Amino acid sequence: MASAASPSLIGTAAAVLTAAFSLTTSPAAAAVSACDPSLVAPAGSLIGGLWRSNGGEQSVYGCPTTKEFGYPDKKGSWQRFANGKIVWSPNLGNGTLVRVYQKGQNLVFKWSGLGRDWDYFNVRWSKNGGKATQVQTGRLTAWSGQYLMAPYVQGGVGTTTNGHEVDKFAFIVQGCDRTTFGSDCGPWSIPTSISLAH
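Throughout what follows, the structure given in this document is the object of discussion.

Cut-off values and rules
Residues numbered from 1 in each chain as written. Predicted model: local features only at pLDDT ≥ 70, side-chain atom pairs only at ≥ 80, totals over all residues. Heavy atoms only, no water. Pairing = 2+ DSSP bridges. Helix = DSSP H or I, 4+ residues; strand = E, 2+ residues; numbered from the N terminus. Phe/Tyr/Trp six-rings, centres within 6.5 Å; stacked < 30°, edge-to-face > 60°. Buried < 20%, exposed > 50% of the residue type's maximum accessible area, 1.4 Å probe, protein only. Salt bridge = Lys/Arg side-chain N within 4 Å of Asp/Glu carboxyl O. Contact = heavy atoms within 4.5 Å. Core = buried A, V, L, I, M, F, W, Y, C linked by side-chain atoms within 4.5 Å.

## Digging into the sheet that holds strand 8 (residues 145–149)
Part 1 of the argument: In space, the six strands of this open sheet follow the order 1-2-3-4-5-8, with antiparallel pairing throughout. Looking at strand neighbours, the two that pair on one side only are strand 1 (69–70) and strand 8, the edges of this open sheet.
Part 2 of the argument: As paired strands, strand 5 (residues 106–112) and strand 8 are joined by five bridges and run antiparallel to one another. In the sheet register, Leu-107 faces strand 8, and the bridge partner there is Met-149.

Here is the structure:
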């Protein structure tokens, strides 16, 4: 009797475990499939690697909205996401990634993987192709940094959008060393940008 019941009990237990497992994994499986798999950068892509290491779809960038594209006139690539853009800028080092995303009322511009140690960084940003504003910023590490700005707030007061329905903010960065006679700076990164709708 016991030997006849054992296979039945094992089968029932297996069915219960399978059902429980599918309940616990179904939401995760659904979350993974929310991004269009044809737009996800393949393994080996620095952009795709950064996106995945930050949480993929759950990251600050969200799902990709374009494929990863190379530039026709230079080495490097870029990819747009629901909430920002990541650019591979190898002119600053083979592992250099610059990116921008929106976080609350702020824009966050970050860079990492620069090919050498820098004392500080210069950031230039512009709005809708207008005059660039340059700021000096410290470093997070010798090879990385970030710059935060609230594009529609100045001195704690909200500013006008000047009738624009969408504003495009572009960013570039360069590393600099302090020298006896001033500064010695490297090249500028490939630009990254973000468009904000109102």
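Having seen it, we continue.
## Some thoughts on the packing of aromatic side chains
Each aromatic ring pair is specified by the distance between its two centres and by the angle formed by the two planes.
Part 1 of the argument: Evaluated as defined, the whole model comprises nine aromatic pairs.
Part 2 of the argument: Judged by centre distance (6.2 Å) and plane angle (25°), the rings of Trp-51 and Phe-81 are stacked. Taken together, the residues Trp-51 in helix 2 (residues 46–53) and Phe-81 in strand 2 (residues 77–81) connect sequence positions 30 residues apart.
Part 3 of the argument: On the basis of relative accessible area, Trp-51 is assigned to the buried category, the value being 8%.
Part 4 of the argument: Ring centres of Tyr-152 and Phe-169 lie 6.0 Å apart, and the angle between their planes is 75°; this geometry places the pair in the edge-to-face category. Linking Tyr-152 in the loop between strand 8 and strand 9 (153–154) with Phe-169 in strand 11 (residues 166–179), this pair joins segments that are 17 residues apart in sequence. The same class applies to Tyr-152 and to Phe-169, which are both buried.

## Quick look at the pattern of salt bridges
Part 1 of the argument: Under the definition given, this model contains three salt bridges.
Part 2 of the argument: Residue Lys-74 pairs with Asp-73 through a salt bridge whose shortest N-O separation is 3.5 Å.
Part 3 of the argument: The exposure class of Asp-73 is exposed, given its relative accessible area of 60%.
Part 4 of the argument: Salt-bridge contacts for Arg-139 lead to Asp-117; the nearest nitrogen and oxygen are separated by 2.9 Å. Of this pair, Arg-139 sits in the loop between strand 7 (133–137) and strand 8 while Asp-117 sits in the loop between strand 5 and strand 6 (120–127), placing them 22 residues apart in sequence.

## Brief notes about the environment of Pro-187
Part 1 of the argument: Here Pro-187 shows up in the loop between strand 12 (182–185) and strand 13 (192–197).
Part 2 of the argument: Using a relative accessible area of 45% as the deciding quantity, one classes Pro-187 as partly exposed.
Part 3 of the argument: Between the C-alpha atom of Pro-187 and that of Cys-176, which follows or precedes it by 11 residues, the distance is 9.3 Å.
Part 4 of the argument: With near-sequence residues (within four places) excluded, Pro-187 lies in contact with Asn-91, Leu-92, Val-173 and Gln-174.

## A closer look at the nonpolar core
Part 1 of the argument: Formed by 23 residues in total, the largest nonpolar core has its most connected members in Trp-111, Phe-169, Phe-171 and Val-173.
Part 2 of the argument: Elements supplying a minimum of two residues to this core: strand 4 (97–103), strand 5, strand 6, strand 8, strand 11 and strand 13.
Part 3 of the argument: Those residues in contact with Val-173, other than ones at most four positions away along the chain, are Leu-92, Val-98, Phe-109, Trp-111, Phe-121, Asn-122, Val-123, Pro-187, Trp-188 and Ser-189.
Part 4 of the argument: One finds Cys-35, Leu-50, Leu-97 and Tyr-101 within the second-largest nonpolar core, a separate group that totals 12 residues.

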